[in-house]
Amino acid sequence: MKKDGYNVAVVGATGAVGNMMINVLERRSFPVKKLLMLASGRSSGRTAQFRGKDYPVLELTESSFEGIDIGLFSAGGSISAKFAPFASKAHCIVIDNTAHFRMDPDVPLVVPEVNPEQIAKYTVKNIIANPNCSTIQMLVALKPLHDVAKIKRIVVSTYQSVSGTGKDALDEMLNQSRDMANSIHWNKEDSLDKLWSGLKPFRTLETKVYPHRIAFECLPQIDVFMPNDYTKEEMKMVWETGKILDPDIRVTATTVRVPTFFGHSESVNIETEKKLSAQDAKDILSKAPGVKVLDDPSRSEYPLTALAAGEDYTLVGRIREDESIDKGLNLWVVSDNILKGAALNAVQIAEILVERYI
């Protein structure tokens, strides 16, 4: 018998994703009976709002999860590694937004529009993992096509916003942008040499968050480099696609940090076993759960991060056939990385949990 409500803890409640989780719980009318806001000791004493009421932010401890049904974790991998097992032992089901448990064979890795049946396996460790934000939006767009035509290979390049790194990164981008705008004096009558000269001092600008300046720049490095010279972010997309969608799909990724605030964009090229026309793909995706097709070249209509901000749907456009191979398609996929790429996906998992399993 279903409960009338569930006791929910949000771990990392004062962070961007934690705050968004609270907002999504309220907006989607999740059946919360009791809400616990948890964060590090330095955040205790603060408050967060839920349904018009202020809740105190409490310090996360090993005993925080007694009587809690569901724990939404978004406070970093080391915090999840330490505290998720305590939550699990207290019979709290953890939905973890970090990378720590994603490739654990005993932990389901779930995108609700793609593999919701995997949620049933939560009982092994009482933990469910939320995938990487870039993987989530790509697979929401590709699952309906895979079901019809079976994808053999994916080539993806991402253009990921600075919010994916956190508030310090946003501050760094804004400060660098202001410094550059205030220091470079150039107008249309000036030569390009003057502009290049003005930019020179910023080539070696001191940075704290990223290895190079992010303002007015693209950094082809997200996370650390692996022994194969791919970054960990790139390999996450490879590994997670195999675990969530199909281990036989070959995936190669290039992930790039770009100076946008919110929203990740992806250029996705797929090769399928069965031929799909661009119109076939548009028709399939227009009916797919969690997808909104924006694709009208005559009106310059296609997904933008500005359109994806605050949007539950993954936006897909620029759908066209790859003229270099017989059975290939190109797509442009954009999603709100804080919302669907993290908080919403976690709450959707929780919704399926309470609907079907607890």
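See the structure above.
None of these values were measured; they are calculated from a predicted model. Along each chain, numbering runs from 1 in the same order as the chain's sequence is written. Owing to the predicted nature of the model, reporting of local features is limited to residues with pLDDT of at least 70; listing and counting of side-chain atom pairs is limited to 80 or more, with chain, interface and lining totals taken over all residues. Side-chain metrics in this entry use all non-hydrogen atoms of the structure; hydrogen atoms and water are not considered.

### Examining the overall build of the protein
Counting its regular elements, the protein contains nine helices and 13 strands. Put simply, the radius of gyration uses C-alpha atoms, and a globule should come to 2.2 Å times the residue count raised to 0.38. On C-alpha atoms alone, the protein measures out to a radius of gyration of 22 Å, which is about the 21 Å that the 2.2 N^0.38 rule sets for 358 residues. The principal-axis extent of the C-alpha atoms belonging to the protein is close to 70 × 50 × 40 Å. Counting across all 358 residues of the protein, residues that qualify as buried make up 49%. Residues count as neighbours in contact if any of their non-hydrogen atoms are within 4.5 Å of one another. Of the contacts made within the protein by residues no fewer than 6 positions apart, 68% connect residues no fewer than 24 positions apart. Using a 1.4 Å probe, accessible areas were evaluated by the Shrake-Rupley method; residue-level cover was limited to the displayed protein chains. Per element, the accessible surface of the protein, about 17100 Å² overall, is 50% carbon and sulfur. Charge counting follows a simple rule: Lys and Arg are positive, Asp and Glu are negative, and His as well as the terminal groups are ignored. Lys charges are placed at NZ, Arg charges at CZ, Asp charges at CG and Glu charges at CD. For the protein, the separation between the mean place of its 43 positive charges and that of its 46 negative charges on side chains is 2 Å. Counting from the N terminus, the helices are DSSP H or I runs at least four residues long and the strands are E runs at least two residues long. A 1.4 Å probe rolled over the protein chains alone gives each residue an accessible area, and that area as a share of the maximum for its type sets the label: buried under 20%, exposed over 50%, partly exposed in between.

### Focus: unusual backbone geometry
Here H91, not a glycine, exhibits a phi torsion of approximately 65 degrees, which is positive. Residue position: H91 is located in the loop between helix 2 (77-89) and strand 6 (93-96). In this structure H91 comes out as exposed when scored by relative accessible area, which is 66%.

### Details of the packing of helix 3 (residues 133-149) against helix 6 (residues 232-244)
Inter-axis angles, ranging from 0 to 180 degrees, are taken between N-to-C directions of lines fitted to C-alpha atoms, where helices are fitted over the stretch in contact. It is at 9 Å that the axes of helix 3 and helix 6 come closest, and there the two elements cross at 45 degrees. Classified by the angle between their axes, helix 3 and helix 6 sit oblique to one another. In this structure, helix 3 crosses over helix 6, and the sense of that crossing is right-handed. Only E233, K236, M237, E240, T241 and I244 of helix 6 make contact with helix 3, whose side of the interface consists of S134, T135, M138 and L139. By residue class, the composition of the contact of helix 3 with helix 6 is four nonpolar, three polar and three charged. Roughly parallel means an angle under 35 degrees; roughly antiparallel, over 145; roughly perpendicular, 65 to 115; everything else is oblique. Helix crossings get a hand from a simple test, with the near helix turned counterclockwise from the far one by less than a right angle marking a left-handed crossing and a clockwise turn marking a right-handed one. Three classes are used: nonpolar for Ala, Val, Leu, Ile, Met, Phe, Trp, Tyr, Cys and Pro, charged for Asp, Glu, Lys and Arg, and polar for all others, with Gly counted as polar.

### Considering the sheet that holds strand 6
When DSSP locates at least two bridges between a pair of strands, those strands are taken to pair. Taken in spatial order, the seven strands of this open sheet run 3-4-2-1-5-6-7, and their pairing is mixed. Both edges of this open sheet fall to strand 3 (47-50) and strand 7 (127-129), since each of them pairs with a single strand only. Going from strand to strand, the sheet's axes swing by 25 degrees on average, the running direction of each strand aside. Sheet analysis places strand 3 next to strand 4 (residues 53-59), joined by four bridges and oriented antiparallel. Bridge pairing in strand 4 places Q49 opposite D54.

### Details of helix 7 (residues 278-286)
Inspection of helix 7 places A278, A281 and L285 among the buried residues, and these make up the whole buried set. Down the axis, helix 7 shows its buried residues gathered within 60 degrees of arc, on one side only. On its buried face, helix 7 is in contact with helix 3, strand 11 (291-293), strand 12 (314-321) and strand 13 (328-335). Arc, as used here, means the arc of the directions from the helix axis to the C-beta atoms.

### Section: the sheet that holds strand 8 (residues 151-160)
The strand order 9-8-10-13-12-11 describes an open sheet built from six strands, whose pairing is mixed. The open sheet is flanked by strand 9 (250-257) and strand 11, the only strands paired with a single partner. The mean inter-strand angle of the sheet, taken between neighbouring strand axes irrespective of direction, is 25 degrees. Sheet analysis places strand 12 next to strand 13, joined by five bridges and oriented antiparallel. Paired with E321 across the strands is L329, a residue of strand 13. Strand contacts of helix 6: strand 8, strand 9 and strand 10 (264-272), with the helix running at about 145 degrees to strand 9, the strand carrying the most contacts.

### As for helix 9 (residues 339-357)
To get the bend at a given residue, fit one axis to the seven residues ending there, fit another to the seven starting there, and take the angle between those axes. Along helix 9, the sharpest change in direction is near 35 degrees and occurs at N345. Helix 9 sits mainly inside the fold: 15 of its 19 residues count as buried.

### Remarks on the nonpolar core
Here is a general trend for soluble globular proteins: nonpolar side chains tend to be buried in one another's company. Joining through side-chain atoms within 4.5 Å is the link that ties buried Ala, Val, Leu, Ile, Met, Phe, Trp, Tyr and Cys residues into a set, and such a set is a nonpolar core. Core analysis: the largest hydrophobic core is formed by 51 residues, its most contacted members being F65, L142, I154, I270 and L331. It is helix 3 that contributes the most residues to this core, eight residues altogether. Once residues within four sequence positions are removed from consideration, L142 is found in contact with I151, I154, V268, I270 and L331. Counting 38 residues, the second largest nonpolar core, distinct from the first, contains V8, V10, A48 and V347.

### Section: the pairing of strand 1 (residues 6-11)
Within strand 1, six of the six residues are buried, which leaves the element mostly enclosed by the surrounding structure. What you see with strand 1 is no split at all: Y6, V8 and V10 on one side and N7, A9 and V11 on the other are buried throughout. Pairing between strand 1 and strand 2 (residues 32-39): six bridges, direction parallel. If you follow N7 over to strand 2, its bridge partner there is K34.

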